[in-house]
Amino acid sequence: MRNYFGETEWHRDWKAAFPPAFREVSFSDLALGELHRADVHTPCGTTLEFQNSPICLEELRSRENFYPKLIWILNGKKFKGFRVLKNLPDVDDPRIVNYDFCHTDHLSMIRKSDFLQGSPKVLNFHHPELRKLPMTSYYYSFCWKHPHRVWYQAKHPIIVDLGGHFIYQLKQRRQLSGDYPYLHIMTRKSFIDQYTG
C-alpha cells in the first residue's frame, strides 16, 4: 500500500478497509488544470474523503464541486467537546411536525406557533404533548462545544468516526427556529459493506 507524507494511521486504517483498486484514484480537471486524488472511489461512482484535520471552506467547496457523489468521513476523536447525548424520536414523525427541537444539550422542543408569536415555551419530553412519543435507537442529539463550522456548510454527507464499531452521520432537520443538527448512528461495517459488498 502506498503511504503519502503526513497520512495518519486513522487515514490508512480506513483506506485499508477497501480493495486496493478503489484507493488513491486520480482524476484530472482539464478545465482548471487540476489533479484530484480520491482517497477511495468506488465502482458505483461514490468518492470517500477521509479528513483527519480541519479544512478551509474553499477546499471543501473545491472537492464538493469536483466529486458529484462525495461522502466526508471525519476523525471525530480529534474534535474538542464533541459528545453524543440522548436518543431522539424520529425527526420525521408526523406527531412532531408542528414542533422544533431546542438548540440546547437538554432534549426539549417548542411549538412552532409559539415561536412565530415570539413567546416559545420550552417543553421537555415529560410534557403531556410529547410524553408518548417513542424514542429511536438510531437518532441521537449531540453537543459540539468547539465545532469546525466549515462542516455545517457541506452539501454532501458527513460521517463522524469516534472510534469503535459505530459511526455517526451528521444530519440537519429543517426548522423555523434554525436547522437542528443531529446524528444517525450506524455500524462501521454496514457502511463499508455498502461499497464493497
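Residues numbered from 1 in each chain as written. Predicted model: local features only at pLDDT ≥ 70, side-chain atom pairs only at ≥ 80, totals over all residues. Heavy atoms only, no water.

1. Some thoughts on the nonpolar core
Part 1 of the reasoning: Residues Leu-60, Trp-72, Phe-82, Trp-151, Ile-158 and Leu-183 are the most contacted members of the largest nonpolar core, which totals 21 residues.
Part 2 of the reasoning: Broken down by secondary-structure element, the contributors of at least two residues to this core are strand E4 (70–75), strand E9 (135–144), strand E10 (158–161), strand E11 (166–173) and strand E12 (180–187).
Part 3 of the reasoning: Core analysis: the next-biggest nonpolar cluster, separate from the first, contains 15 residues, Ile-159, Met-186, Phe-191 and Tyr-195 among them. (Core = buried A, V, L, I, M, F, W, Y, C linked by side-chain atoms within 4.5 Å. Buried < 20%, exposed > 50% of the residue type's maximum accessible area, 1.4 Å probe, protein only. Helix = DSSP H or I, 4+ residues; strand = E, 2+ residues; numbered from the N terminus.)

2. Here's the deal with the side chain of Ser-108
Part 1 of the reasoning: Note on placement: Ser-108 falls in strand E7 (residues 108–111).
Part 2 of the reasoning: We classify Ser-108 as buried; its relative accessible area is 6%.
Part 3 of the reasoning: Not counting the four nearest positions on each side in its chain, Ser-108 is found in contact with Asp-100, Phe-101, Cys-102, Val-122, Leu-123, Asn-124 and Phe-125. (Contact = heavy atoms within 4.5 Å.)

3. Observations regarding the pairing of E11
Part 1 of the reasoning: The pairing of E10 with E11 spans four bridges and is classified as antiparallel. Counterpart to Val-160 in the pairing with E11 is Tyr-168.
Part 2 of the reasoning: Adjacent in sequence and paired antiparallel, E10 and E11 are bridged by four residues, among which Gly-163 carries a positive phi angle near 95°.
Part 3 of the reasoning: Inspection of the sheet shows E11 paired to E12 by eight bridges, in the antiparallel sense. For Phe-166, the partnering residue across the bridge sits in E12 and is Thr-187. (Pairing = 2+ DSSP bridges.)

4. A word on the pattern of salt bridges
Part 1 of the reasoning: Tallied over the full model, the rule gives eleven salt bridges.
Part 2 of the reasoning: A salt bridge links Glu-59 to Arg-63; its shortest N-O distance comes to 2.7 Å. Here the residue Glu-59 and the residue Arg-63 both occupy positions in helix H2 (residues 57–66), the gap between them amounting to four residues, near one helical turn.
Part 3 of the reasoning: Glu-59 gets classed as partly exposed once you look at its relative accessible area, which sits at 31%.
Part 4 of the reasoning: Here Asp-114 and Arg-111 are joined by a salt bridge, their closest N and O atoms 2.8 Å apart.
Part 5 of the reasoning: Owing to a relative accessible area of 14%, Asp-114 belongs among the buried residues under this scheme.
Part 6 of the reasoning: Taken together, the salt bridges that share partners define one network made up of Glu-7, Lys-15, Glu-24 and Arg-37. (Salt bridge = Lys/Arg side-chain N within 4 Å of Asp/Glu carboxyl O.)

5. What to know about a nonpolar patch on the surface
Part 1 of the reasoning: A grouping of Phe-115, Leu-116 and Leu-176 is seen on the molecular surface, where their side chains present a nonpolar patch of about 300 Å² in accessible area.
Part 2 of the reasoning: Tracing the sequence through the fold places Leu-116 in helix H3 (residues 112–116).
Part 3 of the reasoning: Residue classification places Leu-116 among the exposed residues on the basis of a relative accessible area of 64%. (Patch = residues over 30% accessible without salt bridge, like charges linked within 9 Å, V, L, I, M, F, W, Y side chains within 5 Å. Areas by Shrake-Rupley, 256 points an atom, 1.4 Å probe, with all protein chains shown as cover.)

6. Comments concerning the sheet that holds E10
Part 1 of the reasoning: Here nine strands make up an open sheet; going across it, the order is E1-E2-E3-E4-E10-E11-E12-E9-E5 and the pairing mixed. If you trace the sheet from one side to the other, it starts and ends with strand E1 (23–29) and strand E5 (82–89), each paired once. Mean inter-strand twist for the sheet, computed between neighbouring axes without regard to direction, equals 40°.
Part 2 of the reasoning: Note: strand E3 (residues 47–51) against E4, five bridges, orientation parallel. Considered in E4, the bridge of Leu-48 is made with Ile-71.
Part 3 of the reasoning: Helix H1 (residues 9–16) contacts E1, strand E2 (34–41), E3, E4, E10 and E11 of the sheet and is inclined by roughly 160° relative to E3. (Axes fitted to C-alpha atoms, helices over the stretch in contact; angles between N-to-C directions.)

7. Regarding the packing of aromatic side chains
Part 1 of the reasoning: Summed over the entire model, instances satisfying the criterion amount to 17 aromatic pairs.
Part 2 of the reasoning: Relative to Phe-50, the ring of Phe-18 has its centre 6.4 Å away and its plane inclined at 35°; by these criteria the two rings are tilted. Of this pair, Phe-18 sits in the loop between H1 and E1 while Phe-50 sits in strand E3; the two residues are 32 residues apart in sequence, bridging distant segments of the chain.
Part 3 of the reasoning: We classify Phe-18 as buried; its relative accessible area is 2%.
Part 4 of the reasoning: We classify Phe-50 as buried; its relative accessible area is 2%.
Part 5 of the reasoning: Relative to Tyr-195, the ring of Phe-191 lies with its centre 5.4 Å away and its plane at 65°, an arrangement referred to as edge-to-face. Of this pair, Phe-191 and Tyr-195 are both found in helix H4 (residues 188–196), four residues apart, which corresponds to roughly one turn of the helix. Here the two residues Phe-191 and Tyr-195 agree in accessibility, since each one is buried.
Part 6 of the reasoning: By the ring-pair criterion, three or more aromatic residues cluster together here, those being Trp-10, Trp-14, Phe-18, Phe-50, Phe-191 and Tyr-195.
Part 7 of the reasoning: Positioned above the aromatic ring of Trp-14 is the side chain of Arg-188, whose terminal nitrogen or guanidinium carbon lies 4.2 Å from the ring centre. (Phe/Tyr/Trp six-rings, centres within 6.5 Å; stacked < 30°, edge-to-face > 60°. Lys NZ or Arg CZ within 6 Å of the ring centre and 35° of its normal.)

By themselves, these figures tell us nothing about what the structure is for.
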